[in-house]
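So you can see what is in the structure, the chains are spelled out below.
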Amino acid sequence: METLEKAPAKLNLSLDALFRHLDGDPEWRMVMTAIDLADYVHIETRDDSNAIQVQTNTGFLPQDQRNLAFQAAKKLQELFQIDQGVMITIDKHIPVSAGMGGGSADAAAVLRGLNKLWKLNQSLTDLARIGLEIDSDVPFCVYSCPALVEGKGEKITPLNDLTSLWFVVAKPKASVSTPTILKQIDFSEIQHLNVESVVEAIQQQDWEQLTASMGNSLEPITIQKYPEIIRIKERMIKFGAEAAQMSGTGPTVFGISTKQSRAQHIYNSLRGFCKEVYLVRPFNLKNCN
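The structure displayed is predicted, hence computed values, not measured ones.

Engineer: Looking at this structure, I do not really get the packing of helix α9 (residues 228-238) against helix α10 (residues 260-271). What am I missing?
Structural biologist: The packing of two helices is summarised by the inter-axis angle and the distance between the axes. One way to put it is that α9 packs onto α10 with a least axis distance of 9 Å and a crossing angle of 140°. Here α9 is positioned oblique relative to α10, judged by the angle of their axes. In this structure, the crossing between α9 and α10 has a hand that is right-handed. Residues Ile232, Arg235 and Met236 of α9 touch α10, and the partners they reach there are Ile266, Ser269 and Leu270. Taken together, the residues that form the contact of α9 with α10 break down as 4 nonpolar, 1 polar and 1 charged.

Next up, the structure:
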């Protein structure tokens with residue numbers, strides 16, 4: 001049996017880290033959206049072996065237990081005592097180490113796909129709880145819709161659609177290590193955000209309030225090492241973005257526009273400036289709400 005799952009990238013419209021838990025994990029309060037830039041994950045179950053195999057179209061990714069998609073299959077296999085093997089083939093389009101949740105999106109796609117193929121009857125809430133044991137972004141990626149994300153990443157509250165918006169996404173050459181950035185958070189100095197204002201703006205479809213309220217508390221930390229983030233943000237604003245900020249721990253920057261023509265103008269202005277640039281729409285998994 002086989003299935004093909006879409007694994008959308010994510011962007012952080014608002015990201016605040018409130019404190020550090022005793023185990024070292026941050027307490028998050030974030031607003032995230034999936035976008036229509038995605039990997040495609042082909043999952044095939046096998047009766048001749050219980051081995052898990054991962055192959056990708058890029059040489060940048062590990063294909064063993066270090067791969068989050070591998071970990072997702074292994075976790076379900078062990079949790080539900082499944083004796084079938086799995087072949088996972090990832091057609092990669094999301095930039096790696098970019099703050100866009102590519103590995104987590106692949107893992108979430110495997111959870112959703114195997115939930116169907118193995119008839120596990122797990123809800124999205126159940127899969128999100130399992131996914132948290134893999135990575136903090138996996139629960140959101142299980143849902144892949146606009147959402148308020150809290151706790152260590154496991155509390156997902158779906159929000160209204162963002163269908164009026166366009167995103168221009170630019171990934172600089174640099175690759176950022178998320179654990180390295182998280183270790184540098186000084187919770188006595190971090191600037192906290194009004195995340196509730198972003199939630200309210202989305203629920204009321206008030207894009208002026210949304211762009212005025214957005215922010216990423218980790219941006220100052222990553223910018224210290226990667227100042228090109230500022231240059232990309234400035235260029236996006238100069239060419240008409242209503243807001244521009246870093247996603248996740250970076251280094252990817254995205255700009256927002258309510259007009260397709262303006263988004264196209266921003267995209268065109270960045271293409272010679274930055275190698276990896278994408279013009280995308282928000283994405284909402286059909287069974288999210």
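Engineer: What is the right way to read the nonpolar core from this model?
Structural biologist: As a rule of thumb, soluble globular proteins bury nonpolar side chains together. Grouped together as the largest cluster of nonpolar side chains are 101 residues, with contacts concentrated most on Ile88, Phe167 and Met236. Per element, the largest residue contribution to this core is 9 residues, and it comes from strand β2 (residues 26-46).

Engineer: Would you take a moment to explain unusual backbone geometry for this structure?
Structural biologist: The general pattern is negative phi for most residues beyond glycine and trans for most peptide bonds. Between glycine 250 and the following residue, proline 251, the backbone shows a cis peptide bond with an omega angle of 5°. Structurally, proline 251 can be placed in the loop between β9 (243-246) and β10 (253-257). In this structure, asparagine 121 is a non-glycine residue whose phi angle is positive, near 60°. The topology assignment puts asparagine 121 in the loop between α2 (102-117) and α3 (124-132). A relative accessible area of 69% places asparagine 121 in the exposed class.

Cut-offs applied
Each chain has its residues counted from 1, running along the sequence as written. With pLDDT at 70 or above as the cut-off, local features in this predicted model cover only qualifying residues; side-chain atom pairs require 80 or more to be listed or tallied, and sums for whole chains, interfaces and linings still use all residues. Neither water nor hydrogens contribute to the side-chain values; these are computed over all heavy atoms in the structure. Inter-axis angles, ranging from 0 to 180 degrees, are taken between N-to-C directions of lines fitted to C-alpha atoms, where helices are fitted over the stretch in contact. Helix numbers and strand numbers start at the N terminus; a helix is a DSSP run of H or I with at least 4 residues, a strand a run of E with at least 2. Each angle is binned into one of four classes, with values under 35 degrees roughly parallel, values over 145 roughly antiparallel, values of 65 to 115 roughly perpendicular, and all other values oblique. In this scheme the crossing of two helices becomes right-handed for a clockwise turn of the near helix relative to the far one and left-handed for an anticlockwise turn of less than a right angle. The criterion used for residue contact is that any of the two residues' heavy atoms lie within 4.5 Å. Classification convention: Asp, Glu, Lys, Arg as charged; Ala, Val, Leu, Ile, Met, Phe, Trp, Tyr, Cys, Pro as nonpolar; all other residues, Gly among them, as polar. Working definition of a nonpolar core: buried Ala, Val, Leu, Ile, Met, Phe, Trp, Tyr and Cys residues. They are joined through side-chain atoms within 4.5 Å. Relative accessibility decides the category of a residue: with a 1.4 Å probe and only protein chains considered, values under 20% of the type maximum give buried, values over 50% give exposed, and everything between is partly exposed.

From the geometry alone we can't say anything about function, so treat these as descriptive.
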